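Spelled out, the chains give:
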Amino acid sequence: MKAWLLCALAACGDPTPAELPAWDKTLPSASVMGDWGGLTPARGIIHLHSPFSHDACDGNPRGTDGTPNEPCLQSLRAALCADRIDYASLTDHDDSMADEDYAALFHPRAGDTPVLAGSDQIASRIHCENGHEVLLTVGSENALMPIMLDRHVPGTVQERHDTYNGNTVAAATAMRAAGAKIWIPHTEQRTREHLLEIAPDGMEIYNLHANIDPKIRPMYLGLDAYGAITAAVEFADTNEGGPEPDLALLAFLAPNVPALTRWDEQLAAGRKVAGSAGSDAHENALPVILADGERGDSYRRVMRWFGNIALVTDPRDPAQIEAALAAGRMFTVFELLGTPDGFVVDAQLGSTVPAGTMLHVTPPTVRGLDPRLPVPAIRVTVIHVGAGGPATLATSDSGPIDVAMPAGAVRIEVSIVPRHLGPYLRDLGTAMADQELPWIYTSPIYVE
């Protein structure tokens, strides 16, 4: 996200105070999303920038003495704790992460615990004041996005830059040799053929930056260049009766259709590829304080909007997190729209099952929905991706789905009309909460 959003900010609106249940600016433990066949949900951020990215922290990632911007870093750390993020995959740009010693990339601070594999540090654990723990791992984001590296790629500093900037099979191989899983950022800008060549472990099926950027929107998403900015500007209202600032995502949230298309193309070709949503958080886009006292793009706000849920037996174990991501035992959820409750998919995500296996899906509800609020409408769609591409296998807006799965890949989308959020829009009216929006994307089940 870039500084061009700053020019769009303005105060507006008439005071129309309403009595509402208090808005919760944090998230509950991911474990409330239930038991998944003996596996526990772990909430994660994949695609996250720290002061070791040149464009983070309003373009001032370092102080005059060259040390990382400490207030910006503390904002990041506090947000990980407040949003109860279980694992955070730092993906800093090669400028300047490639210049740093590997151990420094974890931004160790007093109280952190190194996570070791033998004598080598592979992660760091942040111990939060609220009792939560965050597993922090290191990666990079340039043309490719290696996540959960165990060490720097080999070579001189310049050779590291060259590898991290690479967009070739050779670069991906070097990153994998350093322990990484290869993810594709900004999938909307990629070609089917190149993705088949790279053979990624996962790819972004939604990217926040892409959904906002006036250059990316018309060129790659077919959207009005300034549509997101024009709609989101109303959340800068600091007058009494203005909307809840956290709900700004409602102004521009939409499916990233080209990214979803690239994903389905890989699945149709028989590839096993996980899907994730990229927060792409930098704290470099909206340095204006909104009505809640936070900047518009605070780490806390952006990471409150959506996360990637890995299914593991032990959320504290980095090896299990990495294995779950690589296998696609995961789903993405836009938790701004509600934390899902009671969502059941009886075939393990990322697993391989025989053709004809019955799939049972129980739609989720919004956890802890206050009875004073309007009821959202929820739709579940089961999508089959065969050699000919994606097709709807079953859909329901009123109850469970039971359907036999044909050979190919089967993934599930849940959409929601978040009417329960309408009252929090206050003097903006409810229109933004009366539209059908993506809520959950699961990674596929593979059927042979």
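Residues numbered from 1 in each chain as written. Predicted model: local features only at pLDDT ≥ 70, side-chain atom pairs only at ≥ 80, totals over all residues. Heavy atoms only, no water.

Explain the overall build of the protein chain residue by residue, including any values.
From N to C terminus, the protein chain includes 11 helices and 22 strands. Relative to a compact globule of 448 residues, whose C-alpha radius of gyration would be 22 Å, the protein chain shows 21 Å and is just as compact. Overall size of the protein chain, expressed as C-alpha extent along the three principal axes, is 60 × 60 × 45 Å. Contacts spanning at least 24 positions in sequence make up 71% of the contacts within the protein chain whose residues lie at least 6 apart. Element-wise, carbon and sulfur atoms account for 54% of the exposed surface of the protein chain, whose accessible area totals about 16300 Å². Averaging the locations of the 31 positively and 57 negatively charged side chains of the protein chain gives two centres separated by 3 Å. (Helix = DSSP H or I, 4+ residues; strand = E, 2+ residues; numbered from the N terminus. Rg over C-alpha atoms; globule rule 2.2 N^0.38 Å. Contact = heavy atoms within 4.5 Å. Areas by Shrake-Rupley, 256 points an atom, 1.4 Å probe, with all protein chains shown as cover. Lys, Arg positive; Asp, Glu negative; His and termini not counted. Charge placed at Lys NZ, Arg CZ, Asp CG, Glu CD.)

Run through the packing of aromatic side chains, naming residues and quoting values.
Scanning the model with the defined rule gives 10 aromatic pairs in all. An angle of 75 degrees between the planes, with centres 6.5 Å apart, marks the rings of Phe334 and Tyr441 as edge-to-face. With Phe334 in the loop between β11 (330–333) and β12 (340–341) and Tyr441 in strand β21 (residues 437–442), this pair connects stretches of sequence that are 107 residues apart. On the basis of relative accessible area, Phe334 is assigned to the buried category, the value being 0%. According to the relative accessible area criterion, Tyr441 is buried, its value standing at 4%. Linked through ring pairs, Tyr206, Phe306, Phe334 and Tyr441 together constitute an aromatic cluster. (Phe/Tyr/Trp six-rings, centres within 6.5 Å; stacked < 30°, edge-to-face > 60°. Buried < 20%, exposed > 50% of the residue type's maximum accessible area, 1.4 Å probe, protein only.)

Report on helix α4 (residues 169–177), specifying residues and quantitative values.
All of the buried residues along α4 are Ala171, Ala172 and Met175. Buried residues of α4 fall within an arc of 100 degrees about the axis and therefore sit on the same side. Along α4, exposed side chains directed more than 90 degrees from the buried face belong to Ala170 and Ala177. Tucked into the core, α4 has its buried residues touching β6 (145–147), α3 (157–164) and β7 (181–184). The first or second residue beyond α4 is Gly179, which carries a positive phi of 100 degrees. (Arc of directions from axis to C-beta.)

Could you give an account of the sheet that holds strand β15 (residues 358–362), with specific residues and numbers?
Across the sheet, 3 strands lie side by side as β13-β15-β19; this open sheet has antiparallel pairing. Two strands in the sheet have a free side with no partner beyond their single neighbour: β13 (344–345) and β19 (401–404). Examined bridge by bridge, β15 and β19 share 4 bridges and lie antiparallel to one another. Along β19, the bridge assignment pairs Val361 with Ile401. (Pairing = 2+ DSSP bridges.)

How would you summarise the side chain of Asn284 if you had to cite specific residues and measurements?
Considering the arrangement of structural elements, one finds Asn284 in the loop between β9 (274–281) and α10 (299–305). Among the polar contacts listed, one links the side chain of Asn284 to the backbone oxygen of Asp55, at a separation of 2.8 Å. (Polar contact = N/O pair within 3.5 Å; in protein donor to acceptor, adjacent residues only side chain to side chain.)

Lay out the nonpolar core in plain terms, naming residues and giving numbers.
Core analysis: the biggest nonpolar cluster contains 110 residues, and Leu48, Leu80 and Leu359 have the highest contact counts within it. The element contributing the most residues to this core is helix α1 (residues 70–82), with 6 residues. If you look at the next biggest cluster of nonpolar residues, it comprises 18 residues, including Val115, Leu135, Ala310 and Val312. (Core = buried A, V, L, I, M, F, W, Y, C linked by side-chain atoms within 4.5 Å.)

Any details on the confidence of the model for the protein chain? Residues and values, ideally.
Within the protein chain, residue pLDDT values average 94, and 96% of them lie at 70 or more. Between residues 1–18, whose pLDDT stays under 50, and residues either more than four places distant or in other chains, the model counts 57 contacts. (pLDDT = per-residue confidence, 0-100.)

Give a detailed account of the state of the cysteines, specifying residues and quantitative values.
One pass over the structure, following the stated rule, counts 2 disulfides. A disulfide bridge connects Cys57 with Cys72, and the sulfur atoms are separated by 2.2 Å. In this structure the cystine formed by Cys57 and Cys72 twists about its S-S bond by roughly -85 degrees; its chirality is therefore left-handed. Residue Cys57 is located in the loop between β1 (40–48) and α1, and its partner Cys72 is located in helix α1; the two are separated by 15 residues in the primary sequence. Each member of the pair, Cys57 together with Cys72, is buried. Note on cysteine connectivity: Cys81 is disulfide-linked to Cys128, with sulfurs 2.1 Å apart. Where Cys81 bonds to Cys128 through sulfur, the torsion about that S-S bond is close to -80 degrees, and the disulfide is left-handed. With Cys81 in helix α1 and Cys128 in the loop between β4 (120–127) and β5 (133–140), the pair connects residues that are 47 residues apart, well separated along the chain. By relative accessible area, Cys81 is classed as buried at 12%. Ordinal numbering of bonded cysteines along the protein chain defines a disulfide pattern of 1-2, 3-4. (Disulfide = S-S within 2.5 Å.)

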